[in-house]
Amino acid sequence: MAHRTPPTPRICPACDGFASAAITLGGRDHRGHLRTITAHCPTCNGLGVTRTRPTREGARA
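Now for a description of the structure that goes with this document. Predicted model only: the values in this text are computed from it and were never measured.

1. Topic: the environment of G26
Looking at where G26 falls in the secondary structure, it is placed in strand 2 (residues 20–28). Under the relative-accessibility criterion, G26 is labelled exposed at 59%. For the pair G26 and T36, spaced 10 residues apart in sequence, the C-alpha separation works out to 8.2 Å.

Structural data, given as structure tokens:
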């Protein structure tokens, strides 16, 4: 019996796989560290891939 391989994850079309980005707030804190926040892609929730729907074999369109 042949083993089925899972489909490769699809790269998110909104962020092209770069799901998280560090954005500087423009300034440094009292220790000299650069203040940043992390922004995540709202489409893939910071994963970089989208879910693939399983296709049913023999299903009509």
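2. Details of the environment of A19
Within the secondary structure, A19 is located in the loop between strand 1 (10–11) and strand 2. With 23 residues separating them in the primary sequence, A19 and P42 have C-alpha atoms 8.7 Å apart. Residues in contact with A19, not counting those within four places in the same chain, are A39, H40, C41, C44, G46, L47 and G48.

3. A short note on the state of the cysteines
Summed over the entire model, instances satisfying the criterion amount to 0 disulfides. C12 takes part in no disulfide bond, and the closest cysteine sulfur to it belongs to C15, at a distance of 3.7 Å. Exposure remark for C12: the relative accessible area of 1% places this residue in the buried category.

So, how was this worked out
The residue numbers shown here count from 1 along each chain, following its written sequence. Per-residue local features of the predicted model are confined to residues with pLDDT of at least 70, and side-chain atom pairs are confined, for both listing and counting, to 80 or more; whole-chain, interface and lining totals are unaffected and use all residues. Note: side-chain values were computed over all heavy atoms of the structure, leaving out hydrogens and water. Numbering of helices and strands runs from the N terminus, with a helix taken as a DSSP run of H or I at least four residues long and a strand as a DSSP run of E at least two residues long. Relative accessibility under 20% of the residue-type maximum defines a buried residue, over 50% an exposed one, and the middle range a partly exposed one, all with a 1.4 Å probe and only protein chains included. By definition in these notes, contact holds between two residues if any of their heavy atoms fall within 4.5 Å. Defined by distance alone, a disulfide is two cysteine sulfur atoms within 2.5 Å.

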